Amino acid sequence: MILRTACLLLAARFAIAAVPTPESYFGHPIGADRTVMDWDKVVGYFQALAKGSDRIRVDELGKTADGRPFVAATISDAATLKNLDHYRKIQERLADPRKTSAAEAEKLILEGKTVVLITCSIHATEIASTHTAVEYAHRLLTQDSPHNRAILKDVILILVPSLNPDGVDIVTRWYRKTLGTSYEGTNPPELYHKYVGHDNNRDWYIFSQPETRLTISKLHNVWHPEITYDVHQMGASGARLFVPPWLDPTEPNIDAILMQEMNMMGTAMAADLTAAGKTGVAIHGVYDFWTPSRHFMAFHGGLRLLTESASARIATPTTMTADQIGTSALGYNPRERSWNYLEPWLGGPWRLRDIIDYQLIAFDSCLYNAALHRTELLRNFYRVGQRQLARTDPAAFVITSDQRDPGAARKLIETLRFGQVEVAQGSDGSAVVSMHQPYGGWAKSLLERQHYPEDRLYPGGPPKRPYDVTASTLPLLMGVDVKAVKDTVSTSTEWRAPAPAAGPLLKAADSDSWIAVNRAWKEGRPVWRDPASGDFSLAAHTGWRELKRPRIALYQAWTANMDEGWTRWLLEEFGFAYTSVHNGDIQAGGLRNKFDAIVIPDQPANSIENGHRGGTMPPEYTGGLGPQGAEALKEFANAGGTLIFLNGATDYAISRLGVAAKTVTPARAGGRGGDPDAAGGDRVAGSSEFYSPGSLLNVKVDVRSPLAYGIPADIAIWSEQSPAWDTQLPVVARYPDNGILASGWLVGEKVIANRAALIDAPMGRGRAILFGMRPQYRAQSYLTFKMFFNALLYQ
């Protein structure tokens, strides 16, 4: 026995020796000033760990948007890793109480492991967590202690070193390019994700990006983690680290058990950080728990933990003086001691290594508490499922079979099913979503209208800003008829998608028609359109006109713009050919010879005109369109081209190009190019006059307009502090006199009542189309996609 133990200890020492240290592999200590990582080296290091240890396995789950490997490391003791499928099946049975009796569940709870998913650097300028993942994995595998043995014994850790590998390389490449220059530590002039930049963390219910889909399909839906810990960074002027409890409001479909457990785990992590001598730890501040766009796991029985660490300048140290510390943040004052910010951090040097040190403690605390509370976490995981099954109001949602837009209806159902919502077939062909299922609350949050609470900084004060948006009603966004019913609906089988309509006729109202039209053009086939209805045909019809494939330009500024990225994604998803154009391309003029439509995405007018100031970025990335670009755009429209301005960019059309409209809504700070987390909690209030912080608003549509082909007369549009106008120009969409809010939160309805939300402004032989909305909102707004597409085809 003694000999066997000695042999095991010796074998363990050899195994530890075989695991390379991070410093020996990367050539520098982790977190050293001005050091960044390449993604292939990160992947290579985790593969080296797997070769040297029997307590880690590394799997490539698929490819990113730009074709890089997307990987996850599973870490536990050797016996657990040998039987992973057994533990996965335990998770699967606990996740659905319909499969498992309470007595059976108790046996499984005693045997099971707490599954913890830790996800890093989804926002690629927040580089620290990928470095932390490397160092923590090495520590857990090589530092033999009772503490680590408890984690390895009772926890299955699934560690994703980055949810955005493409962004890791984009930021690394830019940082090295600017290292040693005055631009060191700046953000890249391109989005740090191929399409969506910072909004990749707002994709957790529409699942549009490959990284999101891989994480959901290969990890969440397979392992059903009890805990998902998402590691982020924020601005530098407040706390050093945030951890839950969350601010109000919390989404009402999330189980109270989960909210209490998040409070428990978050405060335990805060206590461990404080005990380790770390100051500037804030709880119950800045971040609410409302929108499902970030909280997939909490609708699927698991905790969502978040830490937000104060940032350095990428990997460059910074120093904060006391007077640079902010004076206000949601939920606490960064300069004052309070119950939820007990030891303020009041200035000093701050570097990448500091962020890693805080995160290492948070990683370890999360995992050790997951081990300590294993049985309670598993038991409550099962109980949350039981409570979901007991839902009664409504009994179900019914998606009727006779839809104006069959393609959008199918997409809605596919989206629900991707999130493991069961959809049955009604006797009349309708799709039925029962609430009596483990993820009924998830479906309910996406199918019902949101009623965001009236939330003020103080009684009679300005509105308190939500962290993200306030509405997520997919039927309104997609233009799909969905009804809540109180009684159980009889169903026959699992829902089956109906066969697509046959024949050459393509309805303008059907989202699938637009894909078919672009496919025909790509294949060199002609397309005709009915000038009365807007419908398409792939065969000639008397009185219909043949459509030419539009030559589309999409303006891409050097101020990285998420709205531009979402627009690119949409064009590619539906098959539109386009050309990205920069400042010099537009300033060169002659645009009408090259293009039929030019799209200017959501961006403030001043940013479009001036871009980055000289001295803030390398010269090739400074400046905007300037007067020369404005003249070129006017020339383009006067010669018969179509200019399309989205949301905040409409101010440029009015103030620089002379479109005759008066904006009645308050000026909006920033645009869709910014990073909302970088504010560090300093953005606390909205306008008391008018505030529409990501809401769905009702409008009346002039269906006679070519922009309204396939669109009903009454719709809801996406408003993110979006403009509205007084104008004598042709108005295609207008707010009603009252009853404007459809879902979310709206302050100051009277400001926009009876005002224009979509203008079709003649300009010479062409036109400028002003969308007072985001018609292509985050891959979700299928209804208004078609208004945008109609604008592209305006001939």
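In this text, all values refer to a predicted model and were calculated from it rather than measured experimentally.

Cut-offs and rules
- Residues numbered from 1 in each chain as written.
- Predicted model: local features only at pLDDT ≥ 70, side-chain atom pairs only at ≥ 80, totals over all residues.
- Heavy atoms only, no water.
- Helix = DSSP H or I, 4+ residues; strand = E, 2+ residues; numbered from the N terminus.
- Rg over C-alpha atoms; globule rule 2.2 N^0.38 Å.
- Buried < 20%, exposed > 50% of the residue type's maximum accessible area, 1.4 Å probe, protein only.
- Contact = heavy atoms within 4.5 Å.
- Areas by Shrake-Rupley, 256 points an atom, 1.4 Å probe, with all protein chains shown as cover.
- Pairing = 2+ DSSP bridges.
- Axes fitted to C-alpha atoms, helices over the stretch in contact; angles between N-to-C directions.
- Salt bridge = Lys/Arg side-chain N within 4 Å of Asp/Glu carboxyl O.
- Expected span 1.5 Å × (residues − 1).
- Arc of directions from axis to C-beta.
- Phe/Tyr/Trp six-rings, centres within 6.5 Å; stacked < 30°, edge-to-face > 60°.
- Lys NZ or Arg CZ within 6 Å of the ring centre and 35° of its normal.
- Parallel < 35°, antiparallel > 145°, perpendicular 65-115°, else oblique.
- Nonpolar A, V, L, I, M, F, W, Y, C, P; charged D, E, K, R; others polar.
- pLDDT = per-residue confidence, 0-100.
- Core = buried A, V, L, I, M, F, W, Y, C linked by side-chain atoms within 4.5 Å.
- Polar contact = N/O pair within 3.5 Å; in protein donor to acceptor, adjacent residues only side chain to side chain.

Regarding the overall build of the protein chain
Each helix and strand counted, the protein chain has 24 helices and 33 strands in total. Taking 2.2 N^0.38 as the reference for a compact globule, 795 residues should give roughly 28 Å; the C-alpha atoms of the protein chain span a radius of gyration of 27 Å, in line with that estimate. Overall, the C-alpha framework of the protein chain stretches about 95 × 65 × 60 Å when taken along its three principal axes. The burial tally for the protein chain puts 62% of its 795 residues in the buried class. Pairs at least 24 residues apart make up 78% of the contacts formed inside the protein chain by residues separated by at least 6 positions. Accessible area of the protein chain: about 28700 Å², with a carbon and sulfur share of 52%.

A short note on the environment of leucine 214
Turning to its location among the elements, leucine 214 is positioned in helix H10 (residues 210-223). Among the residues examined, leucine 214 registers a relative accessible area of 12% and is labelled buried. Leucine 214 sits 151 residues away from lysine 63 along the chain, and the two C-alpha atoms are 8.5 Å apart. Setting aside chain neighbours within four positions, we find leucine 214 in contact with Leu61, Gly62, Lys63, Phe70 and Leu219.

Examining the sheet that holds strand S5 (residues 227-234)
Spatial strand order, S1-S2-S4-S3-S5-S10-S6-S8: eight strands in an open sheet with mixed pairing. The open sheet has two free edges, formed respectively by strand S1 (56-63) and strand S8 (281-283), since each of these has just one partner strand. Adjacent strand axes in the sheet meet at a mean angle of 20°, parallel and antiparallel pairs treated alike. Across the face of the sheet, helix H12 (residues 352-372) comes into contact with strand S3 (114-119), strand S4 (155-160), S5, strand S6 (241-243), S8 and strand S10 (303-310) while running at roughly 165° to S5.

Topic: the pairing of strand S15 (residues 431-434)
As paired elements, strand S13 (residues 396-399) and S15 share four bridges and run antiparallel to each other. When the bridges of S15 are listed, phenylalanine 397 appears paired with valine 433. Judged from the two bridges that link them, strand S14 (residues 424-426) and S15 form a sheet pairing that is antiparallel. Looking at the pairing, glutamine 425 lines up with alanine 431 of S15.

Thoughts on the pattern of salt bridges
Opposite charge on two side chains permits pairing when their charged atoms draw close. Counted under the stated rule, the structure contains 51 salt bridges. Between aspartate 468 and arginine 778 there is a salt bridge; the shortest N-O distance is 3.1 Å. Of the two residues, aspartate 468 sits in the loop between helix H15 (440-447) and helix H16 (474-478) while arginine 778 sits in the loop between strand S33 (766-771) and helix H24 (782-792), which places them 310 residues apart along the sequence. The two residues aspartate 468 and arginine 778 agree in class, both being buried.

Some words on helix H5 (residues 84-95)
Along its 12 residues, H5 runs 16 Å from first to last C-alpha, staying within 8% of the 16 Å computed at 1.5 Å per residue. Taken together, the buried positions of H5 are Leu84, Tyr87, Ile90, Gln91, Leu94 and Ala95. One side of H5 holds all its buried residues, which, seen down the axis, span an arc of 130°.

Quick notes on the packing of aromatic side chains
One pass over the full model with this rule turns up 35 aromatic pairs. On the numbers, 6.4 Å between centres and 35° between planes, the contact of phenylalanine 207 with tryptophan 442 is tilted. Highlighted residues: phenylalanine 207 in the loop between helix H9 (165-178) and H10 and tryptophan 442 in helix H15, separated in sequence by 235 residues. Each of the two residues, phenylalanine 207 as well as tryptophan 442, counts as buried. When the centroid spacing of 5.0 Å and the interplanar angle of 80° are considered together, the rings of tryptophan 558 and tyrosine 621 count as edge-to-face. Taken together, the positions of tryptophan 558 in the loop between strand S22 (552-555) and helix H18 (562-573) and tyrosine 621 in the loop between helix H20 (605-610) and helix H21 (626-638) put the pair 63 residues apart, joining distant regions of the chain. Under the relative-accessibility criterion, tryptophan 558 is labelled partly exposed at 24%. Its relative accessible area of 14% is what places tyrosine 621 among the buried residues. By the ring-pair criterion, three or more aromatic residues cluster together here, those being Trp514, Phe536, Phe574, Phe576, Tyr782, Phe785, Phe788 and Phe789. Taking the ring centre of tyrosine 794 as reference, the NZ or CZ of arginine 767 above it sits at 4.0 Å.

Some thoughts on the packing of H12 against helix H13 (residues 374-389)
Direction vectors running N to C along H12 and H13 enclose 80°, while the axes themselves pass 4 Å from each other. Taken together, H12 and H13 sit at an angle that is classed as roughly perpendicular. Mapping the contact onto sequence places Asn369, Ala370, Ala371 and Leu372 in H12 and Arg374, Glu376 and Leu377 in H13. Considering only residue class, the contact of H12 with H13 consists of four nonpolar, one polar and two charged.

Structural notes on the confidence of the model for the protein chain
Scored by pLDDT, the protein chain has a mean of 95; 96% of the residues are at 70 or more. Least confident of the elements in the protein chain is helix H1 (residues 2-18), whose mean pLDDT is 51; most confident is S4, at 99. Note on residues 3-14: pLDDT under 50 across the span, and zero contacts to partners over four residues away in sequence or across chains. Counted against residues more than four places away or in other chains, residues 670-682, with its pLDDT under 50, gives 47 contacts.

Observations regarding the nonpolar core
Core analysis: the biggest nonpolar cluster contains 214 residues, and Phe46, Ile118 and Leu792 have the highest contact counts within it. In terms of residue count, the dominant contributor to this core is H12 (12 residues). With residues up to four places along the chain from it excluded, the contact list for leucine 792 reads Pro550, Ile552, Leu571, Phe576, Ala597, Val599 and Ile644. Counting 35 residues, the second largest nonpolar core, distinct from the first, contains Tyr555, Trp725, Ala761 and Leu770.

Here's the deal with the sheet that holds strand S19 (residues 527-529)
Strand order in the open sheet formed by four strands is S18-S20-S19-S21, and the pairing between neighbours is antiparallel. In this open sheet, the two strands that pair with only one neighbour each are strand S18 (505-506) and strand S21 (545-547). Pairing of S19 with S21 involves three bridges; the strand directions are antiparallel. Across the sheet, tryptophan 528 pairs through a bridge with glutamate 546, a residue of S21. Against the sheet, helix H17 (residues 511-522) engages S18, S19, strand S20 (536-537) and S21, with an angle of about 135° to S19.

Remarks on the pairing of S10
Most of S10 sits inside the fold, with eight of its eight residues counted as buried. Residues Leu303, Leu305, Thr307 and Ser309 point to one face of S10 and Arg304, Leu306, Glu308 and Ala310 to the other, with burial holding for every one of them. Relative to S10, S5 runs parallel, the two sharing eight bridges. Along S10, the bridge assignment pairs glutamine 233 with serine 309. As defined by bridge partners, S6 adjoins S10 across two bridges and the pair is classed as antiparallel. Bridge assignment links leucine 241 to a residue of S10, and that residue is serine 309.

Some points on the side chain of threonine 35
Mapped onto the fold, threonine 35 is located in the loop between helix H2 (22-26) and helix H3 (39-52). With relative accessibility at 13%, the residue threonine 35 sits in the buried group. Within the structure, threonine 35 has its side chain in polar contact with the backbone oxygen of alanine 32 (distance 2.6 Å). Sequence-distant contacts of threonine 35, that is, excluding residues within four places in its chain, are made with His28, Pro29, Ile127, His131, Ala315 and Leu352.

Details of H15
When you tally the buried positions in H15, you get eight out of eight residues, the bulk of the element. Along H15, the residues that are buried comprise Gly440, Gly441, Trp442, Ala443, Lys444, Ser445, Leu446 and Leu447. Buried-residue contacts for H15 involve H13, S13, helix H14 (406-418), S15, H16 and strand S16 (482-485).

Topic: the packing of H3 against helix H7 (residues 128-142)
In contact at an axis separation of 11 Å, H3 and H7 are set at 10° when each is read in the N-to-C sense. As summarised for this structure, H3 and H7 are arranged roughly parallel, according to the angle between their axes. Side by side, H3 and H7 meet where Val42, Tyr45, Phe46 and Leu49 of the first sit next to Thr130, Ala133, Val134, Ala137, His138 and Leu141 of the second.

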